[in-house]
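What follows is the residue order along each chain.
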Amino acid sequence: MTYDFRHLVCLVLDDNRHMRTLICSVLHGLGIKNIVEAGDAAAAFSELKMRAFDIIFTDYLMEPLDGLDFTRLVRTASDSPNPHVPIIMITGFTEEYRVKAARDAGVTEVMCKPVTAKGIGERLAAIVESPRLFVKSSGFTGPDRRRGAHSEGKKKRMRRATDIEEVLADESSSESSSESSSESSSESSSESSSESAA
């Protein structure tokens, strides 16, 4: 399926200007025109506070804060404006422990260099087609690390990162309704048993 990505607003974080230019060129090729660049994590976080982004692309190794630090900042900082924004980490390091570290930091997708339009397009399509549930616990905050744990039945295309929050709100409401129904059924069963005993 072909998607129209022109509406997306993207933030590209990389301390290498050449790599930022390359990623932006690929995004332009996909029809994305609303792109903001940042050379370090602090600048990127400031940009995040000033406008709503649909997707963040970040490098892995940077200084003084690397891509993992930035992702944790976005996911858990008390002043983070959008902890649920999808984050795609682009890295030249493909060791399993690094990929797991990125996942555990709260990264949505990891893609390896060299960057291609096909690769970025596939990651964007995956985020649109199968948005994963957002998990917040004492030890982890981010998209569910299980690949199969996505929002089933949600056909709406996400046009803003806040759409993810709407999905989460809908699911939370559904879970509450389900729990209420279960409690009502249990109470009815208890009452029926009591009446039978009487």
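Residues numbered from 1 in each chain as written. Predicted model: local features only at pLDDT ≥ 70, side-chain atom pairs only at ≥ 80, totals over all residues. Heavy atoms only, no water.

Draft legend 1. Inspection of the pattern of salt bridges at higher detail. Applying the stated criterion across every chain yields a total of 12 salt bridges. With its nearest N and O atoms 3.3 Å apart, the salt bridge here joins E95 to R98. The class for E95 is partly exposed, based on a relative accessible area of 34%. By relative accessible area, R98 is classed as buried at 16%. A salt bridge links R123 to E109, with the shortest nitrogen-to-oxygen separation between them at 4.0 Å. (Salt bridge = Lys/Arg side-chain N within 4 Å of Asp/Glu carboxyl O. Buried < 20%, exposed > 50% of the residue type's maximum accessible area, 1.4 Å probe, protein only.)

Draft legend 2. Summary view of the nonpolar core. Membership of the largest hydrophobic core comes to 23 residues, with the highest contact counts inside it found for L27, I32, F57, I88, I120 and L124. Discounting chain neighbours no more than four positions away, the residues touching I32 are F5, L8, C10, L27 and L124. Grouped together as the second largest cluster of nonpolar side chains are 17 residues, A38, A41, A44 and M62 included. (Core = buried A, V, L, I, M, F, W, Y, C linked by side-chain atoms within 4.5 Å. Contact = heavy atoms within 4.5 Å.)

Draft legend 3. The arrangement of the packing of aromatic side chains in detail. A full pass over the atoms with the stated rule returns zero aromatic pairs. The ring of Y60 has R98 sitting right over it, with the charged end atom 5.6 Å from the ring centre. The ring of F93 is capped by R98, whose NZ or CZ atom sits 4.4 Å from the centre of that ring. (Phe/Tyr/Trp six-rings, centres within 6.5 Å; stacked < 30°, edge-to-face > 60°. Lys NZ or Arg CZ within 6 Å of the ring centre and 35° of its normal.)

Draft legend 4. Structural context of the side chain of T141. Inspection of the secondary structure assignment puts T141 in strand β7 (residues 141-143). Accessibility expressed as a relative area gives 10% for T141, which makes it buried. Residues in contact with T141, not counting those within four places in the same chain, are R75, T76, A105, G106, F134, V135 and K136. (Helix = DSSP H or I, 4+ residues; strand = E, 2+ residues; numbered from the N terminus.)

Draft legend 5. Examining unusual backbone geometry more closely. Residues E63 and P64 are joined by a peptide bond in cis, for which omega reads 0 degrees. Residue position: P64 is located in the loop between β3 (55-59) and α3 (67-76). Each neighbour pair has its own omega, and for K113 with P114 the value is 5 degrees, a cis peptide bond. With respect to the element layout, P114 can be found in the loop between β5 (109-112) and α5 (117-129).

Draft legend 6. Region of interest: α3. Of the residues making up α3, those classed as buried are G67, L68, F70, T71, V74 and R75. In an axial view of α3, the angular spread of the buried residues amounts to 160 degrees, which keeps them on one side of the axis. Regarding α3, its N-cap is D66, as a side-chain oxygen of that residue lies 3.0 Å from the backbone nitrogen of L68 further along. (Arc of directions from axis to C-beta. Polar contact = N/O pair within 3.5 Å; in protein donor to acceptor, adjacent residues only side chain to side chain.)

Draft legend 7. View of the environment of F134. In this structure, F134 sits in strand β6 (residues 134-136). Residues F134 and G106 lie 28 residues apart in sequence; the distance between their C-alpha atoms is 9.6 Å.

Draft legend 8. Fine view of the confidence of the model for the protein. The predicted model of the protein averages 80 in pLDDT, with 73% of residues at 70 or higher. pLDDT under 50 marks residues 152-182. Its contacts with residues more than four places away, or in other chains, come to 33 contacts. This model gives residues 192-198 a pLDDT under 50, and the stretch forms zero contacts once residues within four places in sequence are excluded. (pLDDT = per-residue confidence, 0-100.)

Draft legend 9. Main features of the sheet that holds strand β1 (residues 9-13). Read from one edge of the open sheet, five strands run β2-β1-β3-β4-β5, paired in parallel fashion. Pairing within the sheet leaves two strands with one partner each, and these edge strands are β2 (34-38) and β5. Put simply, the sheet's adjacent strands are angled 20 degrees from each other on average, direction ignored. Bridge count for β1 against β3 is four bridges, and the pairing is parallel. Bridge pairing links C10 to I55 in β3. Helix-sheet contacts for helix α1 (residues 17-29) involve β1, β2, β3 and β4 (87-91), and the interaxial angle to β2 is about 170 degrees. (Pairing = 2+ DSSP bridges. Axes fitted to C-alpha atoms, helices over the stretch in contact; angles between N-to-C directions.)

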